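Examining the three-dimensional arrangement
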Amino acid sequence: MRAPGEMPPPRKGLYGFIDRRYGITPLVDFLAHKEVPIGGHSMVWYYLGGITLFFFAIQLASGVLLLAYYQPGEATSYESIRFLTTKVPFGWLVRSMHCWSAHLMILSLITHMLSTMVLKAYRTPRELTWVTGFVLFALALGFGFSGYLLPWNELAFFATAVGTDSMKAVPGIGEWLLQVMRGGTDVSINTLYRFFALHVVVLPLFTVGVVTGHLLFVQRQGMAAPMAHDKPARGMKFFPDFALRDLLLWLVCLIALASLAVFLPYGPGIPGMEWELGKKANPLAPAYPGIKPEWYFLWVYQLLKEFPAHLFGMEGSQAAIAVVSVLFGIWALVPWLDRNARASRPSPAFTDLAMAALVFLAYLMLKAWDIGGGEAVLPDPRAVARICAYWGLLFAAVTVAVRLALRSAPYFDFTAAAALQIALHGFVGLSYLAAGAISVLLLAATLAFRIVRSRNAVAVGTQP
């Protein structure tokens with residue numbers, strides 16, 4: 001029996017050997033006592049970060065296997081991918097898993113960010129956790145954009161030409177930025193070399209570093225407790241309870257990924273989610289008909305189309321890029337904008353902002369898919385706007401119904417503004433920008449009324 005204050009004897013074996021040199025006992029003790037807070041919301045949301053990390057790991061592993069055969073070059077890029085998918089045993093499966101895991105990673109990342117927004121897990125002291133997550137989202141989009149060109153096929157070539165052309169809209173440095181990305185004025189083999197270096201060297205290095213920082217923040221601060229329970233009465237042991245559940249879910253994701261790769265090797269066949277190799281890129285050939293970017297860029301693609309050639313003395317594309325930049329800036333600054341969450345008070349406005357963002361993105365994506373346009377080469381934009389408005393408003397109604405069913409606070413100002421824009425554009429026939437301007441003005445008036453009423457209520461010592 002040890003005397004009070006006496007240190008335990010050093011452990012023997014491999015653990016003791018490593019512990020004496022690297023001091024891992026504090027880490028083991030930390031994992032043994034770490035808990036995941038259990039609140040009123042579903043535990044499912046806590047697993048989304050791990051799922052995203054799993055798909056990123058699949059990306060790295062399958063990417064290394066692809067690199068064993070891929071040879072960047074005008075005469076070799078397409079042929080090396082074709083050789084891999086037709087001659088190498090299970091080579092098609094590796095490429096299919098790489099493509100599917102890329103889409104699933106971005107989908108799980110978006111869902112993870114939205115759940116963080118709804119649960120207010122970004123509140124103090126986790127602001128930097130949110131920021132690093134936002135940076136990872138931007139890097140994931142960079143992965144998707146840079147990797148698209150590497151097969152050097154017809155679809156990827158013209159999609160990259162369209163995507164990089166939007167860089168000209170950046171004020172002041174647009175033309176310079178376009179030439180930096182393309183390695184010249186046009187998409188060429190120099191563009192392929194630059195995208196290859198970006199995809200397999202630059203972005204992975206940055207991403208691994210940011211992921212490491214993000215995980216350190218999460219481990220250091222733990223998972224955010226529910227808003228209604230700053231100190232939950234109970235928690236789940238991170239190791240082994242939560243960790244084993246996480247591993248089991250990874251296994252389920254692996255089975256689902258392998259199934260999709262086997263039964264849908266070239267994607268589900270919808271624009272923005274297809275990767276059949278097709279024909280080799282030919283810069284002298286006419287543009288690929290009906291070309292559309294990946295699904296996670298569709299909303300930007302459609303937004304660019306909604307702007308006129310010139311607007312308030314600016315190029316229409318420049319105004320669209322400015323709007324996108326403002327939206328991304330607001331999203332990145334949410335932890336500092338949401339004062340109620342910082343004070344651990346209910347924050348229904350930012351929950352509604354997240355739902356309105358979903359409605360906004362969904363409507364633009366539906367329009368980009370030309371839903372309701374029929375089989376015509378040039379679908380009727382009015383018919384597309386009208387049919388998409390039905391689906392957009394239905395989606396908005398579903399988000400409202402779900403929040404009411406979950407007994408969320410009845411705050412729907414942002415969702416109402418997004419729905420009003422859809423209705424004015426799809427049913428009344430106003431232009432997308434005019435409908436948006438009316439919706440924003442009414443939203444601003446509503447928010448101003450709420451602020452004035454809240455201040456007056458505080459002034460007389462009553463609750464608003």
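Residues numbered from 1 in each chain as written. Predicted model: local features only at pLDDT ≥ 70, side-chain atom pairs only at ≥ 80, totals over all residues. Heavy atoms only, no water.

As for the overall build of the chain
Our working rule: Secondary structure elements are defined from DSSP: runs of H or I of at least 4 residues count as helices, runs of E of at least 2 residues count as strands, and each element is numbered from the N terminus. Values of the radius of gyration come from C-alpha atoms, whereas the globule rule sets the reference at 2.2 Å times the count of residues to the power 0.38. Buried means the residue's accessible area, taken with a 1.4 Å probe over protein chains only, is under 20% of the maximum for its type, while exposed means over 50%, and partly exposed covers the values in between. Residue contacts are defined here by distance: any two heavy atoms, one from each residue, within 4.5 Å place the two residues in contact. Surface exposure here means Shrake-Rupley accessible area, sampled with a 1.4 Å probe, where a residue is shielded only by the protein chains that are shown. Charge assignment: positive for Lys and Arg, negative for Asp and Glu; neither His nor the chain ends contribute. By convention, the point assigned to a charge is CZ for Arg, NZ for Lys, CD for Glu and CG for Asp.
A tally of regular secondary structure across the chain gives 18 helices and four strands. Its C-alpha radius of gyration of 25 Å places the chain within 12% of the 23 Å reference for a compact globule of 464 residues. Expressed as a percentage of its 464 residues, the buried residues of the chain come to 41%. Contacts in the chain between residues at least 24 apart in sequence constitute 71% of all its contacts with a sequence separation of at least 6. Counting every atom, the chain has about 25,200 Å² of accessible surface; 70% of that belongs to carbon and sulfur. On the chain, the mean spot of the 35 positive side-chain charges and the mean spot of the 25 negative ones are 9 Å from each other.

Some remarks on a nonpolar patch on the surface
The following threshold applies: To count toward a patch, a residue needs a relative accessible area above 30% and no salt bridge. Like charges then connect within 9 Å, nonpolar side chains (Val, Leu, Ile, Met, Phe, Trp, Tyr) within 5 Å. When a carboxyl oxygen of Asp or Glu is within 4 Å of a side-chain nitrogen of Lys or Arg, the pair counts as a salt bridge.
A cluster of nonpolar residues, Tyr390, Trp391, Leu394, Val398, Val402, Leu406, Phe427 and Val428, forms a patch on the protein surface that exposes about 840 Å² of accessible area. Looking at the nonpolar patch, the elements with two or more residues in it are α16 (381–405) and α17 (413–428). Here tryptophan 391 shows up in helix α16.

Some details on the domain arrangement of the chain
Keep this limit in mind: Segmentation into domains, and thus their bounds, comes from an automatic or database assignment. Buried area is understood as the total, over both parts, of accessible area removed when two parts are fitted together, assessed with a 1.4 Å probe. Throughout this description, a polar contact denotes any pair of N or O atoms lying within 3.5 Å of each other; where both atoms belong to protein, one of them has to be capable of donating a hydrogen while the other can accept it, and for residues adjacent in sequence the pair is counted only when both atoms sit in side chains. Each residue receives one of three labels: charged for Asp, Glu, Lys and Arg, nonpolar for Ala, Val, Leu, Ile, Met, Phe, Trp, Tyr, Cys and Pro, and polar for the others, Gly being one of them.
For the chain, the domain assignment lists domain 1 (25–298 + 308–318) and domain 2 (347–452). The straight-line distance from the C-alpha centre of domain 1 to that of domain 2 is 27 Å. The interface of domain 1 with domain 2 comprises twelve residues on the first partner and twelve residues on the second. Buried surface at the junction of domain 1 and domain 2, both sides included, amounts to about 1,100 Å², of which 76% is carbon and sulfur. Where domain 1 meets domain 2, there are one salt bridge. A salt bridge links aspartate 370 to lysine 292, with the nearest nitrogen and oxygen atoms 3.3 Å apart. For the interface between domain 1 and domain 2, the tally reads five residue pairs in polar contact (both at pLDDT 80 or more). For the side of domain 1 that touches domain 2, the residue count by class is ten nonpolar, no polar and two charged.

Points about helix α15 (residues 348–368)
This is how the line gets drawn: Each helix should span, by expectation, one fewer than its residue count multiplied by 1.5 Å.
Its 21 residues place the ends of α15 30 Å apart at the C-alpha level, agreeing with the 30 Å of an ideal helix rising 1.5 Å per residue. The buried count for α15 comes to 15 of 21 residues, which makes it a mostly enclosed element. At the C-terminal side of α15, aspartate 370 shows a positive phi close to 60°.

Things to note about unusual backbone geometry
With glycine set apart, most residues show a phi of negative sign, and most peptide bonds adopt trans. Residue threonine 124 is joined to proline 125 through a cis peptide bond whose omega torsion reads 15°. Put simply, phenylalanine 239 and proline 240 share a cis peptide bond, and its omega is 10°. Among the structural elements, proline 240 can be located in helix α10 (residues 238–263).

Some words on the packing of helix α11 (residues 298–306) against helix α12 (residues 316–332)
As a reminder of what qualifies: Angular values range over 0 to 180 degrees, each being the angle between N-to-C directions of two axes fitted as lines to C-alpha atoms, with helices fitted over their stretch in contact. Oblique is the label for any angle not covered by the other classes, which are roughly parallel (under 35 degrees), roughly antiparallel (over 145) and roughly perpendicular (65 to 115). Handedness of a crossing is defined here by the sense of rotation of the near helix relative to the far one, left-handed for an anticlockwise turn of less than a right angle and right-handed for a clockwise turn.
Between α11 and α12, whose axes approach to 9 Å, the crossing angle comes to 140°. Put simply, α11 runs oblique to α12. At the point where α11 passes α12, the crossing takes the right-handed sense. The segment α11 lies against α12, with Trp299, Leu303 and Leu304 engaging Ser317, Ala320, Ile321, Val323, Val324, Leu327 and Phe328. Classifying every residue of the contact of α11 with α12 by side-chain character gives nine nonpolar, one polar and no charged.

Looking at the packing of aromatic side chains
What counts here: When two rings of Phe, Tyr or Trp (its six-membered ring) have centres within 6.5 Å they constitute a pair, described as stacked for plane angles under 30 degrees, edge-to-face for angles over 60, and tilted for the intermediate range. Charge-over-ring placement is defined geometrically: NZ (Lys) or CZ (Arg) within 6 Å of the ring centre, and within 35 degrees of the ring normal.
Counting across every chain of the model gives 22 aromatic pairs. For the pair tyrosine 122 and tryptophan 130, a centre-to-centre distance of 5.5 Å together with 70° between the ring planes defines the contact as edge-to-face. Each of the two residues, tyrosine 122 as well as tryptophan 130, counts as buried. Plain terms: the ring middles of phenylalanine 145 and phenylalanine 195 are 5.6 Å apart, the flat faces sit at 50° to each other, and that makes the pair tilted. Here phenylalanine 195 lies in helix α9 (residues 189–221) and phenylalanine 145 lies in helix α6 (residues 127–148), a separation of 50 residues in the sequence. Assessed through its relative accessible area of 23%, phenylalanine 145 is described here as partly exposed. Given a relative accessible area of 3%, phenylalanine 195 falls into the buried group. In textbook terms, an aromatic cluster arises when at least three aromatic residues are bridged by ring pairs, as seen for Phe134, Phe137, Trp299, Phe328 and Phe360. Above the face of the phenylalanine 238 ring, lysine 34 is positioned so that its terminal group lies 5.3 Å from the ring centre.

What to know about the pattern of salt bridges
One pass over the structure, following the stated rule, counts six salt bridges. Put simply, lysine 367 and glutamate 306 hold a salt bridge, and the shortest N to O gap is 2.7 Å. Taken as a pair, lysine 367 in helix α15 and glutamate 306 in helix α11 lie far apart in primary sequence, 61 residues in all. Relative accessible area serves as the criterion here: at 16%, glutamate 306 is assigned to the buried category.

Quick notes on the side chain of asparagine 153
Here asparagine 153 is to be found in the loop between α6 and α7 (154–165). Here asparagine 153 falls in the buried class, since its relative accessible area comes to 5%. A distance of 2.9 Å separates a polar side-chain atom of asparagine 153 from the backbone oxygen of leucine 277. The residues touching asparagine 153, leaving out its near neighbours within four places in the chain, are Tyr78, Glu276, Leu277, Lys279, Lys280 and Ala281.

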